[in-house]
Amino acid sequence: MYSEKVMDHFQNPRNMGEIEDASGVGTVGNAKCGDIMRIFLDIDDEGIVRDAKFKTFGCGAAVATSSMATEMVKGKTIQEALQVTNKAVMEALDGLPPVKVHCSLLAEEAIHAALWDYAEKHHIVIEGLQKPKNDISEGEEEEQY
Ligand code: FES
């Protein structure tokens, strides 16, 4: 059901934990399944993501996607980090079963929320970044879990 990469990132998650005095912190949840993900970003003066960590209270797919997503944003510019979509994360994990696709949305939205927090703290506008939702199940069509 799960690819080897998903199993690997679930069993040996990278970047688990938190960053003290992070430049940006984003927390999002999905009220339908009750899962919550928090992503911490450390962004330097040049706008490069120096470090990324996560805390996820959620299913295995959510843990694997947070692990992969934090790996993928490290060393990237803010604009490049914005391109780390749930699709990109899923591709990097060699796919997720269809019922688990929504879990990867948590990672994308948590990164956006952390970037939003960073932008607010620095009074800047990040082009292409829209205000993230706290609950990604908001406005979603009814789905079966
Ligand atoms: Fe809720 Fe995976 S994030 S079931």
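Scroll up to find the structure this text is about.
Residues numbered from 1 in each chain as written. Predicted model: local features only at pLDDT ≥ 70, side-chain atom pairs only at ≥ 80, totals over all residues. Heavy atoms only, no water.

J.: So what's going on with the overall build of the chain? Residues and values would help.
T.: Looking only at helices and strands, the chain has five helices and three strands in total. Each helix (α) and strand (β) of the chain, taken in turn from the N terminus, gives the series α-β-β-β-α-α-α-α. With the C-alpha coordinates of the chain rotated into their principal frame, the extents come out at 40 × 30 × 25 Å. When each of the 145 residues of the chain is scored for burial, the buried share is 50%. The long-range share in the chain, meaning contacts at least 24 apart out of those at least 6 apart in sequence, stands at 63%. Surface exposure of the chain reaches about 7,700 Å², of which carbon and sulfur atoms provide 49%. Side-chain charges in the chain split into 14 positive and 26 negative, and the spacing between the mean points of these groups amounts to 3 Å. (Helix = DSSP H or I, 4+ residues; strand = E, 2+ residues; numbered from the N terminus. Buried < 20%, exposed > 50% of the residue type's maximum accessible area, 1.4 Å probe, protein only. Contact = heavy atoms within 4.5 Å. Areas by Shrake-Rupley, 256 points an atom, 1.4 Å probe, with all protein chains shown as cover. Lys, Arg positive; Asp, Glu negative; His and termini not counted. Charge placed at Lys NZ, Arg CZ, Asp CG, Glu CD.)

J.: Describe the pattern of salt bridges, and please don't skip the residues or the numbers.
T.: Counted by the stated rule, this structure contains seven salt bridges. Across the pair R14 and D8 runs a salt bridge whose closest N-O atoms are separated by 2.8 Å. A residue is classified by how much of its surface remains accessible, and R14, at 25% relative accessible area, is partly exposed. Classification of D8 by relative accessible area gives partly exposed; the value is 29%. For D44, the salt bridge identified is with R50, shortest N-O distance 2.8 Å. (Salt bridge = Lys/Arg side-chain N within 4 Å of Asp/Glu carboxyl O.)

J.: Run through the packing of helix α1 (residues 4-11) against helix α2 (residues 60-73), naming residues and quoting values.
T.: Interaxial distance between α1 and α2 falls to 8 Å at its minimum, and their mutual angle equals 90°. Taken together, α1 and α2 sit at an angle that is classed as roughly perpendicular. Here V6, H9 and F10 of α1 lie close against α2, whose contacting residues are G60, V63, A64, S67, M68 and E71. The residue inventory of the contact of α1 with α2, partitioned by class, reads five nonpolar, three polar and one charged. (Axes fitted to C-alpha atoms, helices over the stretch in contact; angles between N-to-C directions. Parallel < 35°, antiparallel > 145°, perpendicular 65-115°, else oblique. Nonpolar A, V, L, I, M, F, W, Y, C, P; charged D, E, K, R; others polar.)

J.: Which residues make up the sheet that holds strand β3 (residues 49-57), and what are the values?
T.: Here three strands make up an open sheet; going across it, the order is β1-β2-β3 and the pairing antiparallel. Edge positions in the sheet fall to β1 (24-30) and β3, since each has one partner strand and no second. Sheet twist, expressed as the mean angle between neighbouring strand axes with direction ignored, is 15°. Bridging between strand β2 (residues 35-43) and β3 involves eight bridges; their strand directions are antiparallel. Its bridge partner being in β3, I39 is matched across the sheet by F54. Helix-sheet contacts for helix α5 (residues 101-121) involve β1 and β2, and the interaxial angle to β1 is about 145°. (Pairing = 2+ DSSP bridges.)

J.: Help me get a handle on α5, residues and values and all.
T.: With 21 residues, α5 should cover 30 Å at 1.5 Å per step; its first-to-last C-alpha distance of 31 Å lies within 8% of that length. The buried fraction of α5 is high, at 16 of 21 residues. Just past α5, the residue H123 takes up positive phi, approximately 55°. (Expected span 1.5 Å × (residues − 1).)

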